[in-house]
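Breakdown of the fold
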Amino acid sequence: MIIKPMIRNNICVNAHPKGARFYVNRLVDYVRSQKRIEGPANVLVIGSSAGYGLSTRATAAFASGANSLGVAFEKPASAKRPATPGWYMTEELERLARADGLYAESLIGDAFSHETKQNAIAKIRENMGSVDLVIYSLASGVRVDPDTGEMFRSALKPIGEPYTSYTLDPFKEEIREVSVEPATQEEIDATVKVMGGEDWALWIQALLDAGVLSEGATTLAYSYIGSDFTRPIYRDGTIGQAKEHLEGTAGELSSRLATIGGSARVSVNKAVVTRASAVIPVVPLYMTILFRVMKEKGLHEGTIEQMYRLFSERLYAGGKVPVDEEGRIRLDDWELRDAVQGQVRAGWDSVSEENLAEIADLEEYRSEFLHMHGFGFDEIDYDEDVDL
Ligand SMILES: NC(=O)c1ccc[n+]([C@@H]2O[C@H](COP(=O)([O-])OP(=O)(O)OC[C@H]3O[C@@H](n4cnc5c(N)ncnc54)[C@H](O)[C@@H]3O)[C@@H](O)[C@H]2O)c1
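So, here's what we can say about the structure.

**Quick word on the overall build of the protein**
- Along the protein, the regular secondary structure elements total twelve helices and 13 strands.
- Across its three principal directions, the C-alpha atoms of the protein cover 60 × 50 × 45 Å.
- Taking the contacts inside the protein whose residues are at least 6 apart along the sequence as the reference set, 77% of them involve residues at least 24 apart.

As structure tokens, this is what we get:
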């Protein structure tokens with residue numbers, strides 16, 4: 001089969017196996033080109049197949065030589081369709097890790113279920129004994145409550161009043177006005193249920209009860225704050241409520257983990273192109289302008305650079321982990337610098353479809369978007385027939 005990208009509304013519905021494997025090799029090459037980090041020995045990554053979770057796993061394995069168990073929701077190939085990108089990426093990451101003599105395995109299933117948690121515990125016991133780092137990097141639109149079976153759907157909406165702004169189709173190079181109606185209380189609650197800290201707490205409690213967390217274990221969940229441009233739809237919107245719940249959960253989990261000398265933290269990461277962020281209104285336009293500014297200033301980072309910096313300059317830098325006044329690790333520090341945001345503001349205020357290519361870095365966005373589905377690499381022959 002010849003596989004070309006199929007993109008609709010900022011969603012790519014297919015993946016290229018060779019390109020997806022190549023993507024992982026690039027992540028791993030980056031980590032290998034950096035200094036070794038005295039980091040974790042055994043890691044559990046929940047949401048391990050894409051975006052920040054995949055890059056965290058790559059950093060743990062190839063900068064610190066950590067064994068890892070991943071949990072992700074991906075689909076294998078069928079006779080007619082390639083697998084989802086994270087399926088190939090997981091396979092490749094594990095192949096590379098095993099070649100280095102590391103334990104690397106994944107559970108493909110619903111992280112929100114009790115069953116997956118128990119399966120993960122069994123795998124940890126059998127293969128690592130215990131884990132000293134647990135990463136919670138899920139991004140999902142739906143969650144089935146494991147006790148009641150009720151399904152919750154998250155919403156990306158403002159709260160209180162409608163929100164009108166601009167969004168970008170980076171492939172059609174079209175800027176469109178978007179208006180989003182405010183969320184109902186039910187939608188706010190459902191978003192907190194899906195993307196808040198409830199499931200993270202269930203994971204940590206299950207691991208703690210099973211005795212598979214090492215003495216002094218750390219758990220980390222990822223959050224985003226963002227700037228004025230995205231605030232009404234992000235931080236002040238439904239997803240922001242979920243992130244506040246997640247951040248509150250860190251405090252609660254830290255108390256529970258005190259019994260083993262452990263801690264729970266949130267790391268606030270920068271805006272990057274992932275499958276999750278591409279579908280948030282306004283965010284693609286903000287990101288393309290941000291990338292141009294951050295590149296000009298030599299500050300541009302993708303998921304792998306962020307996660308390497310998380311390990312090398314925050315979590316495993318030696319000494320106390322630097323945090324903000326609310327106890328959060330901040331990797332969005334470069335994104336939120338006044339000089340960066342000031343220049344993004346100037347770009348935002350003057351951008352139009354006519355000057356888009358000068359003000360926004362469409363190329364960076366498009367190539368990252370394509371790459372994370374295994375497309376757009378010069379090194380891959382996309383006219384070659386692929387055996388699924
Ligand atoms: N993308 C950004 O700009 C950004 C910025 C800051 C923080 N974050 C946060 O980072 C975290 C990860 O987001 P991302 O952008 O890397 O997302 P992503 O879409 O790239 O990855 C999400 C991961 O979650 C897994 N997943 C989803 N539903 C699942 C389920 N039911 N069971 C098991 N696995 C499931 C997917 O398989 C994938 O591995 C989120 O909390 C997000 O809010 C993202």
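What follows continues from the structure just given.
**Observations regarding the packing of helix α8 (residues 283–296) against helix α10 (residues 338–350)**
- For the pair α8 and α10, the least separation of the axes is 9 Å and the interaxial angle reads 130°. The orientation of α8 with respect to α10, classified from their angle, is oblique. The crossing of α8 and α10 is right-handed. Residues I289, L290, V293 and M294 of α8 pack against V340, Q343, V344, G347 and W348 of α10.
- The residue makeup of the contact of α8 with α10, split by class, is seven nonpolar, two polar and no charged.

**Some points on the site of the ligand**
- Not every one of the 29 residues close to the ligand is listed here, only the nearest: G47, G51, A111, A139 and T274.
- Put simply, the parts of the chain that give the shell around the ligand at least two residues each are α2 (51–64), β4 (67–72) and β11 (213–223).
- The element contributing the most residues to the shell around the ligand is α2, with three residues.
- A class-by-class count of the residues in the shell around the ligand yields 14 nonpolar, twelve polar and three charged.

**What about unusual backbone geometry?**
- Not every positive phi belongs to a glycine, and N10 is a case in point at roughly 65°.
- In the Ramachandran plot, V282 falls in the positive-phi region, its phi being about 80° despite a non-glycine side chain.
- Locating V282 in the fold gives a position in the loop between β12 (263–268) and α8.

**A closer look at the environment of T56**
- Of note, T56 is situated in helix α2.
- On the basis of neighbour counts, which here come to 28 C-beta atoms within 10 Å, the residue T56 falls in the buried class.
- With 142 residues separating them along the chain, T56 and E198 place their C-alpha atoms 22 Å apart.
- In this view, T56 contacts V45, I135, S137 and M307; residues no more than four positions away in its chain are not counted.

**With respect to helix α4 (residues 114–127)**
- A rise of 1.5 Å per residue sets the reference length of α4, with its 14 residues, at 20 Å; its end C-alpha atoms lie 20 Å apart and thus fit the reference within 8%.
- Among the residues of α4, T116, K117, A120 and I124 are the ones counted as buried. When α4 is viewed along its axis, its buried side chains cluster within an angular range of 100° and face the same direction. With respect to the buried face of α4, the exposed residues turned more than 90 degrees away are H114, E115, Q118 and E126.
- Each element contacted by the buried residues of α4 is listed here: β3 (42–46), β4, β5 (104–108), β6 (131–136) and α6 (198–210).
- Positive phi appears at G129, one or two residues downstream of α4, with a value of about 80°.

**Things to note about the sheet that holds β12**
- In space, the seven strands of this open sheet follow the order β5-β4-β3-β6-β11-β12-β13, with parallel pairing throughout. Unpaired on one side and paired on the other, β5 and β13 (329–330) mark the two borders of the sheet.
- Pairing of β6 with β11 involves five bridges; the strand directions are parallel. If you follow L133 over to β11, its bridge partner there is T218.
- Sitting on the sheet, α2 is in contact with β3, β4, β5, β6 and β11, with an inclination near 170° to β3.
- Relative to the sheet, helix α7 (residues 238–257) contacts β11 and β12, its axis offset from that of β12 by approximately 155°.

Procedures and definitions
Residues numbered from 1 in each chain as written. Predicted model: local features only at pLDDT ≥ 70, side-chain atom pairs only at ≥ 80, totals over all residues. Helix = DSSP H or I, 4+ residues; strand = E, 2+ residues; numbered from the N terminus. Contact = placed C-beta atoms within 7 Å. Axes fitted to C-alpha atoms, helices over the stretch in contact; angles between N-to-C directions. Parallel < 35°, antiparallel > 145°, perpendicular 65-115°, else oblique. Left-handed = near helix turned anticlockwise from the far one by under 90°. Nonpolar A, V, L, I, M, F, W, Y, C, P; charged D, E, K, R; others polar. Near = placed C-beta within 6 Å. Buried ≥ 20, exposed ≤ 12 C-beta atoms within 10 Å, placed from the backbone. Expected span 1.5 Å × (residues − 1). Arc of directions from axis to C-beta. Pairing = 2+ DSSP bridges.

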